[in-house]
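Fold and contact review
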Amino acid sequence: MERKYKINAAQYEIINMLSCINNEKDVKDLKDVIVQFLNSRLQNEIDKLWDNGTLNDDIVNGWKDEHMRTSYN
């Protein structure tokens, strides 16, 4: 089964910008920028959860004692 994907305008713009990346240092630098961008978005979402009470110190501290491993027995 062949999958066909459509590229949206934003993806097209990014592909065009990537055409000027010619070396590994630029790739690393771009990856660093993308990680910073995604980290900022994630932090904003965590802040929203904290502000609306979905997430708090008790919940985070409770994670220390959770064992979330998959049982294979």
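All values derive from a computational prediction rather than experimental measurement. (Residues numbered from 1 in each chain as written. Predicted model: local features only at pLDDT ≥ 70, side-chain atom pairs only at ≥ 80, totals over all residues. Heavy atoms only, no water.)

1. Thoughts on the overall build of the protein chain
Tallying secondary structure elements over the protein chain gives three helices and zero strands in all. In the protein chain, the succession of helices and strands from N to C terminus is α-α-α. A globule of 73 residues ought to have a C-alpha radius of gyration of about 11 Å, yet the protein chain, at 20 Å, is considerably larger. A principal-axis box enclosing the C-alpha atoms of the protein chain has dimensions of 50 × 35 × 25 Å. Expressed as a percentage of the 73 residues in the protein chain, the buried residues total 1%. Within the structure as shown, the protein chain displays about 7500 Å² of accessible surface, and the carbon and sulfur contribution to it stands at 56%. (Helix = DSSP H or I, 4+ residues; strand = E, 2+ residues; numbered from the N terminus. Rg over C-alpha atoms; globule rule 2.2 N^0.38 Å. Buried < 20%, exposed > 50% of the residue type's maximum accessible area, 1.4 Å probe, protein only. Areas by Shrake-Rupley, 256 points an atom, 1.4 Å probe, with all protein chains shown as cover.)

2. Some remarks on the pattern of salt bridges
Pairing of side chains with opposite charge becomes possible as their charged atoms draw close. Applying the stated criterion across every chain, the model contains three salt bridges. Note that Lys-28 is salt-bridged to Asp-32, the shortest N-O span being 2.8 Å. Linking Lys-28 with Asp-32, this pair stays in helix H2 (residues 24–51), spanning four residues, or about one helical turn. For Lys-48, the salt bridge is made with Glu-45, and the minimal N-O distance between the two is 3.2 Å. Note that Lys-48 and Glu-45 are positioned in helix H2 at a spacing of three residues, about one turn of the helix. In this structure Glu-45 comes out as partly exposed when scored by relative accessible area, which is 42%. (Salt bridge = Lys/Arg side-chain N within 4 Å of Asp/Glu carboxyl O.)

3. Points about a nonpolar patch on the surface
A cluster of nonpolar side chains, contributed by Trp-50, Ile-59, Val-60 and Trp-63, occupies part of the molecular surface with about 360 Å² of accessible area. For Val-60, the location among the structural elements is in helix H3 (residues 57–62). (Patch = residues over 30% accessible without salt bridge, like charges linked within 9 Å, V, L, I, M, F, W, Y side chains within 5 Å.)

4. Things to note about the confidence of the model for the protein chain
Reading fine detail from the predicted coordinates is not recommended where pLDDT is low. The predicted model of the protein chain has a mean per-residue pLDDT of 90, with 99% of residues at 70 or higher. In the model of the protein chain, H3 stands out as the element of lowest mean pLDDT, 91, in contrast to H2, which has the highest, 95. (pLDDT = per-residue confidence, 0-100.)

5. Observations regarding H2
Helix length check: H2 (28 residues) gives 40 Å between terminal C-alpha atoms against 40 Å at 1.5 Å per residue, within 8%. Of the residues flanking the start of H2, the one acting as N-cap is Asn-23, its side-chain oxygen 3.1 Å from the backbone nitrogen of Lys-25. Gly-53, located one to two residues past H2, shows a positive phi value of around 90°. (Expected span 1.5 Å × (residues − 1). Polar contact = N/O pair within 3.5 Å; in protein donor to acceptor, adjacent residues only side chain to side chain.)

6. Looking at the environment of Leu-18
Structurally, Leu-18 can be placed in helix H1 (residues 9–18). Residue Leu-18 is classed as partly exposed on the basis of its relative accessible area of 37%. Leu-18 sits 12 residues away from Leu-30 along the chain, and the two C-alpha atoms are 9.3 Å apart.

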